[in-house]
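Geometric and topological summary
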Amino acid sequence: MNVASGRKTIIYLIFFSVGLIYLIRLFYLQCIDKSYQIAAENNVFRNVIEYPSRGLIYDRKGNLLVYNEPVYDLMIIPRQARDIDTAELCKLIGITHEEYDEKFRKANAYSPYRASIFEKQLSVEMYGTLQEKMYKFKGFFVQPRTLRKYPSPIAAHLFGYIGEVDTNITRKDPYYKDGDYIGKSGIEQGYETYLRGKRGVRVMMVDVFNREKGSYMNGKFDTASIAGENLTLSIDEQLQEYGEKLLQNKVGAVVAIDPSTGEILACVSSPSYDPNLLVGRARTKNYAGLLEDPLKPLFNRSLMAYYPPGSTFKLINDLIGEQEGVLFPNTTYYCDGGYHMGSITVKCDAVHGSLNLKSAIEHSCNTYHCYVFRSIVDQKKFRSTEEGYQNWRNHVLTFGIGKRLYSDLPHELKGNVPTVAYYDKYFGKGRWKSSTVVSLSIGQGELGITPLQMANTMCIIANKGYFYVPHIVRKIGDRVNPEPRFTKKNYTDVDSSYYNIVIDGMESVVETGTAAGSRIAGIRVCGKTGTAQNPHGKDHSLFVGFAPRENPKIAIGIMVENGGWGASWAAPIASLMIEKYLNDTIKRPELEKRMLEGVVIPKIYLDKMEAERKIKEQAEHAAGMTKSREDSLRAKRP
Amino acid sequence: MRDQKGILQNIDWLLVSLFLILMVMGWVNIYAAVYDDQHRSIFDLTQNYGKQTLWIAGALLIALMILIIDGKFYAAFSYPVYGIMLLLLISTFAFSRDVKGSYGWIDIGSFKLQPAEFAKFATNMALAKYLSSLDIRLQELKTRVISGLLVAIPAAIILFQNDTGSALVFGAFIFVLYREGLSGNILLMGFILVVLFVLALLVKKAVLFGVIGGIALLFFLLARKNRKNIMIIISGAFVAASLVFSVDYVYNNVLQAHQRTRIDVLLGKEVDLKGAGYNVNQSKIAIGSGGFLGKGFLNGTQTKYDFVPEQSTDFIFCTVGEEWGFMGSAVVILLFMALLYRIIFVAERQRSVYTRIYGYGVASIIFFHLMINIGMTIGLAPVIGIPLPFFSYGGSSLWSFTILLFIFIKLDAYRLQILR
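The structure presented is a predicted model; accordingly, all values stated were derived computationally and were not measured. (Residues numbered from 1 in each chain as written. Chains lettered and ligands numbered in written order. Predicted model: local features only at pLDDT ≥ 70, side-chain atom pairs only at ≥ 80, totals over all residues. Heavy atoms only, no water.)

1. Focus: the overall build of chain B
The secondary structure content of chain B amounts to 18 helices and three strands. Residue burial in chain B is summarised as follows: out of 420 residues, 54% are buried. Restricting to contacts in chain B with at least 6 residues of sequence separation, those with at least 24 account for 70%. As presented, chain B carries roughly 19300 Å² of accessible surface, and 69% of it is formed by carbon and sulfur atoms. (Helix = DSSP H or I, 4+ residues; strand = E, 2+ residues; numbered from the N terminus. Buried < 20%, exposed > 50% of the residue type's maximum accessible area, 1.4 Å probe, protein only. Contact = heavy atoms within 4.5 Å. Areas by Shrake-Rupley, 256 points an atom, 1.4 Å probe, with all protein chains shown as cover.)

Laid out in structure tokens, this is it:
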């Protein structure tokens, strides 16, 4: 009996110890280790993101420039997709059977239970026909998204485009997840944080097959999406469109700014493209096509290209001379058809004889401005050329040249005003003089200015000494663009009293001088032509100006690559835009017609296009040869 | 009228109460596990809890019938019942359908019957009958062999039906044999065997041999005066070493692939949470996320949304853990412990050896199911698909446990009429 009782106890003990071990284990799992609770939440909660609609974009007059068009992503949950009539589905969404298999395989590899995009961005029309038959395709559903749409195909460079976010951004910025869209250039990039709005999240409960089972706690933890803010641009849609038309079949850029506010009225880079091309399913294909175009339509010349300003720069040189006290309205130099200094000669277009400041501007005399430059740099107060040049350069920089203006458009370049160090390196320290770099005075040499900066210098002259940082967004939602730099006056270090004589000269440029052909009856336009030598062929045609003289409303800078004289293309086009903006009607139809129909494709581009055409032809020819040889071989066979 | 009173007289109401409580709790958790808004009726026969309602009604009927039948019947008909059960088991080969890789089911109308479940009480009856015979001593080899065969034959047939889990349950009879006089060393050896098996899979062979050698040396130094002991120590070490050697063979050639992975998952060698380790991991998540007080009745997300597999049958304990928390889990374990202790207490008060042995058999089988079933949901036992007694959904299992338990309750109620 004793033995039996011992054995009973042992069996009791075995039962007891297993029970105890299990209780301890349960206590550990349920009360101590919290990781299982987190794992359970990960299992059952799915954050469903609600995408806000992106902000719309209007022009300064309230015309809609950019809006959203609904598109539909066809989604698939591979596990649920059974008995699909693939032939019918392929036909509806316009893909081949092979593509279907490939897409299905990809989606299945990502996850059989989770939804992934099967086909992106179906149009409303496609969705319409598909929707009626959706019931046939189990495991498929559509998810609405939006695409940008541009009612008139203008200002592609300004708007920029939207694309899927890069992984290096998703890694840094927790707002973005893979597959999200983000502004990639232009305003879409610069104002991304305003335009995108705020994503909403719904916390849903899902079962093991990822089927939604309802919202968690009646949506207590959900957040609603907030639509992006609308932008009102300073762009005038009509002026922008007109500028793009005038620059068609030409390569170049024009920027027009309201000098009293710094608001950009038009910003054209030619050739441009239809912004609707870089939207939707055909985007990749179209982008590649634009990328291959030798005329580089994707390149925004108004901000990202800098050119020698040519004679347009003389104005700034003169203002600096006045400020330095070495140039006065009655200062006279003699032009014998060029400026000579030792071995250096800077040719002039004509023998101008004796000129004062105003007539030197009117006739764009090179000789006169070379003298002015030397008189600035070689002042007695400076101990060396370097010091004199540095002083001149500092003045130039205050005109917003050689540094970024920090407008609200991304990818703006700073242009180039060569430094002392650059010349020291190029010529050797102490081995260059004012005469060595004298071509700077007429806007040649290493000088580089973007069309935006050109227009901005005109704002400075129109305002007699200051500018507002050029910008393109007037209002964000209902608020005026809050950026303080856009309402701050940036002064040059030339006193306002010195501008009048230069402006007098500019007015006579248009009245009787180099741009007399671009006179507009009834509008006092002040301007300056430029004809810039460049290593790429024919001279660039340039013009800068503002109007009307009293109370200026528009300042403009334009550049037509390899257009020859400033008066041939740049000045007339600028005058037409000024007329359009101020009068709204063009009273010079002859000139307008000539400008609209003119073709100025630089030779280097034509050569490139010709070369590409030849290569293509040869390839086709070669293919044809091979084929005919094969054919003949085949024919020889018995 | 006297008969009726006689039936219900002397019944151990504590056992009956525990049985009823566990069965109702089981039903509640099955209801929670498969609950959804569309099917609210508790008699909805398309849902598991609706069917379980029928099974419970059937179980109560069976319990009543067992109590009505004369207590003399069970001991007397132990062998015939055992024989019929063996025939039924064999006949499943002819009639059965393939259910999840095992062949142990017979279709009766729309319901399926699993004879393996019923083989447990039949074997228990036969073993009790044999061991309660006069002049039986477990110290004799013949007795050991015969009682071993009584257990091993149905187990082997079930093993052939590819129902390894149910076959393993028959190992639980070792407790019965131990109680009836089998040397404790065999129980100990069984335990050492399991430990060695696990260690052989986890630890490098060389290390294990070293440890065995070390232990042998220790014993040798302690008992060097006794020649006989030295021989035992040497042969023991030899057996242990060869066992370790054979583990690899058994593991790779005897066990099936899914059994190997289940063992790997348990030992933490396999951590593929989406593949082989999925079930156990999801089960632990469900139980672990319950916390101390649980998420509340019908609020379990893991079980309700099907993250846990087999949630109303083998993994029913997950619903308990998730919705009722540690408190609920502890109550269930304590109730089972109470049941086991009561069975053994009742078994020990018997004058009839047959009843006592039968009682131990009942306790052993329930204990084995409890240990494996709950153990696998909390990652302490390999995944062996056997139900939680009275709890899990399923007619065969509920009825067989009801029969198993109520024969014992009847035998106990009948004890006063036995003179010995």
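Moving on, there is more to tell.
2. Overview of the pattern of salt bridges
All names here are of chain A. The full count for this structure, using the stated rule, is 37 salt bridges over all chains. With a shortest N-O distance of 3.3 Å, E483 and R485 are connected by a salt bridge. The exposure class assigned to E483 is partly exposed, which follows from its relative accessible area of 31%. E507 serves as the salt-bridge partner of R549, at 2.8 Å between the closest nitrogen and oxygen. Here R549, found in the loop between β22 (537–547) and β23 (554–560), pairs with E507, found in helix α19 (residues 499–511); they are 42 residues apart in sequence, far enough to count as distant. Relative accessible area serves as the criterion here: at 16%, R549 is assigned to the buried category. Judged by relative accessible area, which is 11%, E507 ranks as buried. Each of the salt bridges in this network shares a partner with another, and the network as a whole consists of D504, E507, R524, R549 and E550. (Salt bridge = Lys/Arg side-chain N within 4 Å of Asp/Glu carboxyl O.)

3. Considering the interface of chain B and chain A
Contact residues are listed per partner, giving 48 residues for chain B and 32 residues for chain A. For the chain B and chain A pair, buried surface summed over both sides reaches about 3600 Å², with 73% attributable to carbon and sulfur atoms. On inspection of chain B and its partner chain A, the count reaches ten residue pairs in polar contact (both at pLDDT 80 or more). When residues of the side of chain B that touches chain A are traced back to their parent elements, those giving at least two are α9 (173–179), α10 (184–202), α14 (278–288), α15 (301–304), α16 (316–348) and α17 (353–377) of chain B. Top contributing element to the side of chain B that touches chain A by residue count: α16 of chain B, with 14 residues. (Buried area = accessible area lost by both parts, 1.4 Å probe. Polar contact = N/O pair within 3.5 Å; in protein donor to acceptor, adjacent residues only side chain to side chain.)

4. Observations regarding the packing of aromatic side chains
Here the structure, examined in full by the defined rule, presents 44 aromatic pairs over all chains. When the ring of Y354 of chain B is compared with that of Y358 of chain B, the centres are 6.4 Å apart and the planes differ by 20 degrees; the resulting orientation is stacked. With a gap of four residues between them, Y354 of chain B and Y358 of chain B both fall in helix α17, about one helical turn apart. According to the relative accessible area criterion, Y354 of chain B is buried, its value standing at 6%. In textbook terms, an aromatic cluster arises when at least three aromatic residues are bridged by ring pairs, as seen for F313, F373, Y389, W392, Y422, Y423, Y426, F427 and W432 of chain A. Against the face of Y178 of chain B rests R7 of chain A, its NZ or CZ located 4.5 Å from the ring centre. Seen from the ring of Y466 of chain A, K489 of chain A lies directly overhead, with NZ or CZ sitting 4.7 Å from the centre. (Phe/Tyr/Trp six-rings, centres within 6.5 Å; stacked < 30°, edge-to-face > 60°. Lys NZ or Arg CZ within 6 Å of the ring centre and 35° of its normal.)

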